[in-house]
Amino acid sequence: MAETALLSAFNISKSYAGVHALSSATFDLRSGEVHALVGENGAGKSTLIKIFTGAVLNDGGEISLNGERITENSPALSKARGIAAIYQQPALFPELTVAENIALGQELNGTLSKVNWKERRRIAKELLDRVGAKIDTETTAGELSMPQQQLVEIARALGSNAKVLIFDEPTASLSEEDTQNLFRVIRELRVQGVGMVYISHRLEELPAIADRVTVLRDGLTIETREMADVSSEQLIRLMVGRDLSAVFPKRTVELGEPIFELKNFGSRSAGIRNINLSVRAGEIVGVAGLIGAGRTELAKTIFGLEEPDEGEILLRGKPIKIGHPSEAIDYGIAYLPEDRRKHGVVLDFPISSNITLASLKKLSSRFGLNFGKEREIAAEYTRRLGVKTPAIYNAVSTLSGGNQQKVALSRWLMTQPSVLILDEPTQGIDVGAKAEIHELMVELAGQGVAILMISSELPEVLGMSDRVAVMHGGTIVKIFDRADATQDGILAVALGH
Ligand SMILES: Nc1ncnc2c1ncn2[C@@H]1O[C@H](COP(=O)(O)OP(=O)(O)OP(=O)(O)O)[C@@H](O)[C@H]1O
Ligand SMILES: [Mg+2]
């Protein structure tokens, strides 16, 4: 007989108001295993996780822990059973110290009854050592970088005796270095017998970390395989149900005049300085660099979210001043922010209005807003990007994470900008939609849009860009032509060599 699974789900179903998030999901996790869970946006991955953690209750099917059927579940019960989830956005209390955050995980469990500061710090230190994190236990969590907060969360989970750790897209916004560090921790925990569920859209990272992989499609488990026995092409075919070449559709577009230029541009408050860059009509300029190099700050300063205090912005050769995002939009500059969950969508609004929000002026006439047109355009974008929803007037909050991102992207694409700034445009987006977004970028370039694309995925940068600007320490240190850009070359510059 096969060994008893640590955690298993059999034939799970779950509907939300008539939408089948899961129709028959089956999954099992062994101790000391990393089991990857993959599937397109809206396939039901997060829903399955929420059923494990008790955040959501299943309609049908059963889950078991150590062969014992779980009949009653809630976040507190699940936690007490040793199941913990780590999300892309860390969930620490920012104003509490690291030690307090870690202790909270245990005290809520009743493990520690009285506040014993010395003991708290000692335990916190021990747990942080287990995840190889050199973090002072007295730092307030809010001061830590995102990857550090993630490690504290893992330490906290271990402190409450987690046997099952679930990672929902943990590396989506991690740098290469932080990803490798997280992998080291995961491998260490595997040796310690922890079972881990690992969700990611970065398929290329799976061979390095996963033992097995399960593919979900439309709420259904398609297959579970040994990771070593499945190629990335096979995996993609299982995910999308058809062949798909995940290659970059880059086509050479005749470049026009410089549309957008930065001259000695900088902002002390945003930590960027002396930026010189121009983007021509039809050109895609990739912006590479490590986290903290100033890439997002540059985008924000251009868009009027931070105040520039040196240099100038030229639009078609004429200096312009942007004091507020609404002015940037009036100039035809669009910006897809990195943190879509915070800034990219209005969760309570319908999908259709979210898409058309930035284009209201175009859709309005003196007779008011043209709702028919709004619906038509929104429908076109949701179809092209494959936003999975039964109706475009549903609230964005009902969409899966990746589908929310597609909505945020649609909004800016449809403003028909002359300058488009994209910050990590395909982060958290499934392979099929990724290809579609790249195709849309090429189309826009073909129409003469100047595109600035910030991305941490080097294959994307190399595949899509005409030129690659590499940032380090708040400024652009080198600009590569497409022909000269290589992964190693970009990395060396990004690291400051
Ligand atoms: N609260 C909700 N109300 C209505 N529908 C929902 C709700 N939560 C999820 N859904 C739907 O359930 C389906 C599965 O969503 P889920 O979040 O599990 O997908 P996912 O595989 O995690 O996708 P992603 O890769 O984009 O994160 C989606 O179609 C989504 O729209
Ligand atoms: Mg999800």
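In this text, all values refer to a predicted model and were calculated from it rather than measured experimentally. (Residues numbered from 1 in each chain as written. Chains lettered and ligands numbered in written order. Predicted model: local features only at pLDDT ≥ 70, side-chain atom pairs only at ≥ 80, totals over all residues. Heavy atoms only, no water.)

Quick notes on the site of ligand 1
Taken together, 19 residues lie around ligand 1, and Lys-45, Thr-47, His-201, Ser-400 and Gly-402 are the ones closest in. Taking Thr-398, its main chain carries an N or O atom lying 2.8 Å from an oxygen atom of ligand 1. Interatomic distance of 2.7 Å between a backbone N/O atom of Gly-402 and an oxygen atom of ligand 1. When the free accessible area of ligand 1 is taken as 640 Å², the share hidden by the protein chains comes to 87%. Judged by the fraction of its atoms near the pocket grid, ligand 1 is located in the second largest pocket. Those elements that place two or more of their residues in the shell around ligand 1 are helix H1 (45–52) and helix H15 (401–413). Broken down by class, the residue content of the shell around ligand 1 amounts to 4 nonpolar, 11 polar and 4 charged. Three or more residues apiece are contributed to the shell around ligand 1 by two domains, here domain 1 (7–240) and domain 2 (258–494). (Near = heavy atom within 4 Å. Polar contact = N/O pair within 3.5 Å; in protein donor to acceptor, adjacent residues only side chain to side chain. Areas by Shrake-Rupley, 256 points an atom, 1.4 Å probe, with all protein chains shown as cover. 1 Å grid on protein atoms, 1.4 Å probe; cavity = no way out; pocket = protein on both sides within 12 Å on 5 of 7 lines; lining within 4 Å. Sits in = over half its atoms within 2 Å of the grid points. Helix = DSSP H or I, 4+ residues; strand = E, 2+ residues; numbered from the N terminus. Nonpolar A, V, L, I, M, F, W, Y, C, P; charged D, E, K, R; others polar. Domains from an automatic or database assignment.)

Focus: the layout of surface pockets
Computed from the structure, the second largest pocket encloses a volume of approximately 970 Å³. Residue lining of the second largest pocket: 33 residues in total, with Ser-46, Lys-50, Leu-399, Ser-400 and Gly-401 positioned closest to the centre. Of all the secondary structure elements, the ones that give two or more residues to the lining of the second largest pocket are strand E2 (19–29), H1 and H15. Grouping the amino acids of the lining of the second largest pocket by side-chain chemistry returns 9 nonpolar, 18 polar and 6 charged. (Points joined across faces, edges and corners; volume = space filled by probe spheres on them.)

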